[in-house]
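# Architecture and fold: a report
Next come the chains, spelled out residue by residue.
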Amino acid sequence: MRLGSIILFVALCSFTAYYIYEPIPEEIEERWKLMLTNSFFRSLSHLAHFSELIGFKDYMGVMYLITLIEKVVPVSDEHVQVTEEKFDGVEVVLYQPKHQGDDTELRRAVIYLHGGGWCLGSSRMSPYDLLARKIAAELNAVVLSVEYRLAPAHHFPVPYEDVYHVVKHFLQKGVLAKYSVDPGRIAVSGDSAGGNLAAAVSQQLLKEPGQQVHLKVQALLYPVLQALDLNTPSYQQNQHMPILPRSLMVRFWSEYFTTDKALFRAMMANTHNSPESSSLLKFVNWSAFLPEAYHRQYNYTAPAVVQGVGGEAVGADGPSQSFADPRASPLLVPDAALRSLPKTYILTCEYDVLRDDGIMYATRLNSAGVEVTLEHYETGFHGALMFTVWPTDFLIAERMTENYVKWLKENL
Ligand SMILES: *[C@@H]1O[C@H](CO)[C@@H](O)[C@H](O)[C@H]1NC(C)=O
Ligand SMILES: *[C@@H]1O[C@H](CO)[C@@H](O)[C@H](O)[C@H]1NC(C)=O
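An unreviewed UniProt entry lists the chain under the name Arylacetamide deacetylase-like, with Sphaeramia orbicularis given as the organism. Under the UniProt heading Sequence similarities (unreviewed entry), the entry covering the chain gives this text: "Belongs to the 'GDXG' lipolytic enzyme family."

Rendered as structure tokens:
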């Protein structure tokens, strides 16, 4: 009996230790907290795989729990009036600072796009709700948080188009006047997949004939910017890092376009490029666009180009056309398409598979003559900005939020 308990106890301890332990770099602050947080994400991911395997619920359906447990009903408070509306048929949560001073004074506006790999997340999650309130209060700005539809129920381009429709609707002079917004002081911003949508929208707006109101700035927080090379040095270095291991990012990418697992497998092997998309590889060539320091021990080899990989799903009209579409991969445009972009803020984290996407975009924007602030966090990890709510509150999230809001304050 006693021996049995000891064996059980030891087994339980080693299981827990194995489960929680992830080789997290020493430099990361509050490592144990991150390990614990990550063990929750990993457990859920395993459960999601299992659920999909037995045909109970698909992977993203189970992962969506992350969104559900943090959902709140956005309500007004003493500083900010919060309303839920529809802009061109798309749900938005609108944060308006309560009357401050002069009635006729125009305010700034931030269009915010939440992260979650185009498959998860909501503007109604408490960290996004808190961030929107903070921006509204500190900048005396109107914040428009877009509840775009999600994959896999709505594949590309639906999430992108939802966002684009909202932005187009909002940037009309009559609409801006209704909310007392200064047409010369509007930002688009977002984190992770939201940063992807923000970058894509900024580019597409430049092509809009007759667009009268332009964005003043774009602020991209650890954005996803390209689907062609999923083996950049940061993808290699951080392939097992919490909370976004490479396999999960590849999963988000593939599910953005299709439910066909052939694309996921091809992307995991980095052999998803077709002869058509391969002509765009020059735009994501990290050997050319990453400063030497980020090359580390990695040597550049262009991703393999395979004819017809993944069967029908990756055919002429299939996802291979989509993932090379600049509305999905904003890095894939020539310099000429970058030149007129607004002033840009890019936040990157050392311990993030997406680090190099952000750094390469900063390099490319810079050489196209766009004013760029690249804020790189040496001890940062992907998704850190979301961790502002107890018990998963991290000091780095606070610093990132302060610096990001400060930049907006000074540049918008
Ligand atoms: C990437 O850049 C390197 C030089 O830094 C060059 O040798 C290589 O051919 C380029 N590859 C592609 C696919 O553009
Ligand atoms: C990169 O190339 C150098 C020199 O050819 C070699 O010593 C090194 O092992 C290579 N690194 C990797 C990760 O393949």
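This brings us to the overall build of the chain. Tallying secondary structure elements over the chain gives 16 helices and eight strands in all. Relative to its length of 412 residues, the chain is compact, with a C-alpha radius of gyration of 22 Å against a globular reference of 22 Å. Projected onto its principal axes, the C-alpha positions of the chain cover 80 × 55 × 40 Å. Per-residue burial for the chain yields a buried fraction of 57% across its 412 residues. Summarising the internal contacts of the chain: among those between residues at least 6 apart in sequence, 75% fall at separations of at least 24. As presented, the chain carries roughly 17,200 Å² of accessible surface, and 57% of it is formed by carbon and sulfur atoms. Taken as two groups, the 34 positive and 45 negative side-chain charges of the chain have centres that lie 1 Å from each other.

Judged by nonpolar contacts, the single largest core of 137 residues is most densely connected at Phe170, Met249, Trp253, Tyr361, Phe381, Tyr404 and Leu408. With near-sequence residues (within four places) excluded, Phe381 lies in contact with Ile28, Leu34, Met241, Pro242, Cys349, Tyr351, Phe387, Phe394 and Ile396.

What follows covers the site of ligand 1. Looking at ligand 1, the residues that line it are Lys282, Asn285, Ser287, Ala288 and Tyr300. Asn285 places a polar side-chain atom, nitrogen or oxygen, 2.3 Å from an oxygen atom of ligand 1. Separating an oxygen atom of ligand 1 from a side-chain N or O atom of Ser287 is a distance of 3.0 Å. About the coverage of ligand 1: the protein hides 46% of its 360 Å² of free accessible area. Its residues assigned to classes, the shell around ligand 1 comprises two nonpolar, two polar and one charged.

Our next topic: the packing of aromatic side chains. One pass over the full model with this rule turns up 20 aromatic pairs. Consider the rings of Phe387 and Phe394, whose centres lie 5.4 Å apart with planes at 65°: the pair is edge-to-face. Here the basic side chain of Lys282 rests over the ring of Phe283, its NZ or CZ set 4.9 Å away from the ring centre. When the ring centre of Phe289 is taken as reference, the NZ or CZ atom of Arg364 above it lies at 5.5 Å.

Next up on the list: the UniProt feature "domain: Alpha/beta hydrolase fold-3" (unreviewed entry) in the chain. In this numbering, the UniProt entry assigns the feature "domain: Alpha/beta hydrolase fold-3" (unreviewed entry) to residues 110–270 and 320–385. This span, residues 110–270, is 45% helix and 16% strand, and a straight line between its end C-alpha atoms measures 36 Å.

Between its terminal C-alpha atoms helix α15 (residues 355–367) stretches 19 Å, which fits the 18 Å expected from 13 residues at 1.5 Å a residue. For α15, the complete set of buried residues consists of Arg355, Asp356, Asp357, Gly358, Ile359, Met360, Tyr361, Ala362, Arg364 and Leu365. Close packing links the buried residues of α15 with α8 (193–206), β6 (217–221), α9 (233–237), α13 (286–289), β7 (343–351) and β8 (372–381). Where α15 terminates, the next one or two residues include Gly369, which has phi positive at roughly 90°.

Considering the arrangement of structural elements, one finds Thr232 in the loop between β6 and α9. The residues touching Thr232, leaving out its near neighbours within four places in the chain, are Gln226, Trp286, Val353, Asp356 and Met360.

With that out of the way, let us pick up the sheet that holds β6. Spatial strand order, β1-β2-β4-β3-β5-β6-β7-β8: eight strands in an open sheet with mixed pairing. Every interior strand has two partners, whereas the edge strands, β1 (80–87) and β8, have only one. Going across the sheet, the axis of each strand differs from the next one's by a mean of 20°, ignoring polarity. Sheet topology note: the strand β3 (residues 107–113)/strand β4 (residues 141–146) ladder contains five bridges and is parallel. Of the residues in β4, the one forming a bridge with Ala109 is Val142.

Inspection of the secondary structure assignment puts Arg355 in helix α15. Looking at Arg355, its side chain comes within polar contact range of the side chain of Glu350, at 2.9 Å.

Across the eight residues that make up strand β2 (residues 90–97), a large majority, seven, are buried. With eight bridges joining them, β1 and β2 adopt antiparallel strand pairing. By the bridge assignment, Phe87 is partnered in β2 with Val90. Counting the residues that bridge the hairpin from β1 to β2 gives two residues, and of these Asp88 lies at a positive phi of roughly 50°. In the sheet, β2 pairs with β4 via four bridges, with the strands oriented antiparallel. In the sheet register, Val93 faces β4, and the bridge partner there is Ser145.

Along an α-helix, residues three or four positions apart point the same way, because every turn accommodates 3.6 residues. Taken residue by residue, helix α11 (residues 261–268) has Ala262, Leu263, Phe264, Ala266 and Met267 as its buried positions. Measuring from the backbone nitrogen of Ala262 back to the side-chain oxygen at the start of α11 gives 2.7 Å, which picks out Asp260 as the cap. Phi for Asn270, located one or two positions after α11, is positive at around 60°.

The rules behind each value
- Residues numbered from 1 in each chain as written.
- Chains lettered and ligands numbered in written order.
- Predicted model: local features only at pLDDT ≥ 70, side-chain atom pairs only at ≥ 80, totals over all residues.
- Heavy atoms only, no water.
- UniProt positions renumbered as here; feature names shortened; annotations may be inferred.
- Helix = DSSP H or I, 4+ residues; strand = E, 2+ residues; numbered from the N terminus.
- Rg over C-alpha atoms; globule rule 2.2 N^0.38 Å.
- Buried < 20%, exposed > 50% of the residue type's maximum accessible area, 1.4 Å probe, protein only.
- Contact = heavy atoms within 4.5 Å.
- Areas by Shrake-Rupley, 256 points an atom, 1.4 Å probe, with all protein chains shown as cover.
- Lys, Arg positive; Asp, Glu negative; His and termini not counted.
- Charge placed at Lys NZ, Arg CZ, Asp CG, Glu CD.
- Core = buried A, V, L, I, M, F, W, Y, C linked by side-chain atoms within 4.5 Å.
- Near = heavy atom within 4 Å.
- Polar contact = N/O pair within 3.5 Å; in protein donor to acceptor, adjacent residues only side chain to side chain.
- Nonpolar A, V, L, I, M, F, W, Y, C, P; charged D, E, K, R; others polar.
- Phe/Tyr/Trp six-rings, centres within 6.5 Å; stacked < 30°, edge-to-face > 60°.
- Lys NZ or Arg CZ within 6 Å of the ring centre and 35° of its normal.
- Expected span 1.5 Å × (residues − 1).
- Pairing = 2+ DSSP bridges.
- Axes fitted to C-alpha atoms, helices over the stretch in contact; angles between N-to-C directions.

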